[in-house]
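Working through the structure, step by step
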Amino acid sequence: DLYQNGLALEQYGRALQLTGADDVETAYQLRMERQAIDHLLGRRAEQAGELAALHDLAAALHDARKQSDIWICQARYAEATGSYADAAQAAQTAVALAKQAGAGDLQALGNLAWGVALSRGNDFDAARVQLEAAVRLAETAALPLVAADSLRNLGIDAVYQGRPDLARHYFEENLAIYRQLDNRPGEAAGLGNLGVLALHQCDYRGARPYLAE
């Protein structure tokens, strides 16, 4: 929480050394924390090693929910390394495991990761199917930030497809969520999206109030 990520990695490493070989659950939790920091810091080789170990630990626990969670992380890793086809496949696997576990929250996250991967590969129509599913699942699971992120990606994709009216619809829904949550940074970003969209349409008068706010 203090952004002292290097120190956090040292402490998690020490904790892992003190964890008994039979305490698979604790080892899983510690490695999940470490891979999250590796992802944040762009330590891809270290993250890949943690993910490989996590796959083995989740398999040993016979836990479909944990396996789904790891495949979501795997999808994010693949996206970060530019392997968009691998990211889409990993996310698809995550969604299947989440369904098996009855984990609606992980289905939402998996569909979001799947849609983002498809978008990066310029398969916008297929991405829209997954991202809209992510919105629905996130709303059911009471995950408004996941819904907002999915809507933002839907808006960006609509811009690339030359569909500004659809993009505006998604961006407005994204903004409404952040305003409902009183999330000021998210609200600022949402206003910026609408302002930039207006600029792209040469609607300078329409862009001004969004950007000013």
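Please refer to the structure higher up on the page.
Residues numbered from 1 in each chain as written. Predicted model: local features only at pLDDT ≥ 70, side-chain atom pairs only at ≥ 80, totals over all residues. Heavy atoms only, no water.

Let us look at the overall build of the protein chain. A tally of helices and strands in the protein chain yields 11 helices and zero strands. Along the chain direction, N to C, the helices and strands of the protein chain fall in the order α-α-α-α-α-α-α-α-α-α-α. By its C-alpha atoms, the protein chain is 65 × 35 × 30 Å across when sized along the principal axes. Out of the 213 residues belonging to the protein chain, those deemed buried represent 41%. Across the protein chain, contacts joining residues at least 24 apart in sequence account for 48% of those joining residues at least 6 apart. (Helix = DSSP H or I, 4+ residues; strand = E, 2+ residues; numbered from the N terminus. Buried < 20%, exposed > 50% of the residue type's maximum accessible area, 1.4 Å probe, protein only. Contact = heavy atoms within 4.5 Å.)

A few words on helix α10 (residues 184-200). For α10, with 17 residues, the first-to-last C-alpha span of 24 Å sits near the 24 Å given by 1.5 Å per residue. On its buried side, α10 packs onto α8 (144-160), α9 (164-181) and α11 (204-212). The opening residue of α10, the one whose side-chain oxygen lies 2.8 Å from the backbone nitrogen of G186, is N183. Backbone geometry just after α10 places C202 at a positive phi near 60°. (Expected span 1.5 Å × (residues − 1). Polar contact = N/O pair within 3.5 Å; in protein donor to acceptor, adjacent residues only side chain to side chain.)

Right, let's get into the nonpolar core. Membership of the largest hydrophobic core comes to 23 residues, with the highest contact counts inside it found for L112, L151 and L154. Elements with a contribution of two residues or more to this core: α6 (104-120), α7 (124-140), α8, α9 and α10. V24, A27, L30 and M32 belong to the second-largest nonpolar core, a separate cluster that totals 13 residues. (Core = buried A, V, L, I, M, F, W, Y, C linked by side-chain atoms within 4.5 Å.)

Turning our eyes to something else, we now look at the packing of α6 against α8. For the pair α6 and α8, the least separation of the axes is 10 Å and the interaxial angle reads 20°. Here α8 runs roughly parallel to α6, going by the angle between their axes. Judged by the twist between their axes, the crossing of α6 over α8 is left-handed. Where α6 abuts α8, its residues A108, L109, L112, V116, S119 and R120 lie against V146, D149, S150, N153 and D157. Along the lines of polarity and charge, the residues of the contact of α6 with α8 split into five nonpolar, three polar and three charged. (Axes fitted to C-alpha atoms, helices over the stretch in contact; angles between N-to-C directions. Parallel < 35°, antiparallel > 145°, perpendicular 65-115°, else oblique. Left-handed = near helix turned anticlockwise from the far one by under 90°. Nonpolar A, V, L, I, M, F, W, Y, C, P; charged D, E, K, R; others polar.)

We now examine unusual backbone geometry. The backbone of H62 shows a phi angle near 55°, a positive value even though the residue is not glycine. Within the secondary structure layout, H62 lies in the loop between α3 (44-61) and α4 (64-80). The exposure class of H62 is exposed, given its relative accessible area of 71%. Of note in this structure, C202 is not a glycine but carries a positive phi near 60°. Within the secondary structure, C202 is located in the loop between α10 and α11. A relative accessible area of 51% means that C202 is categorised as exposed.

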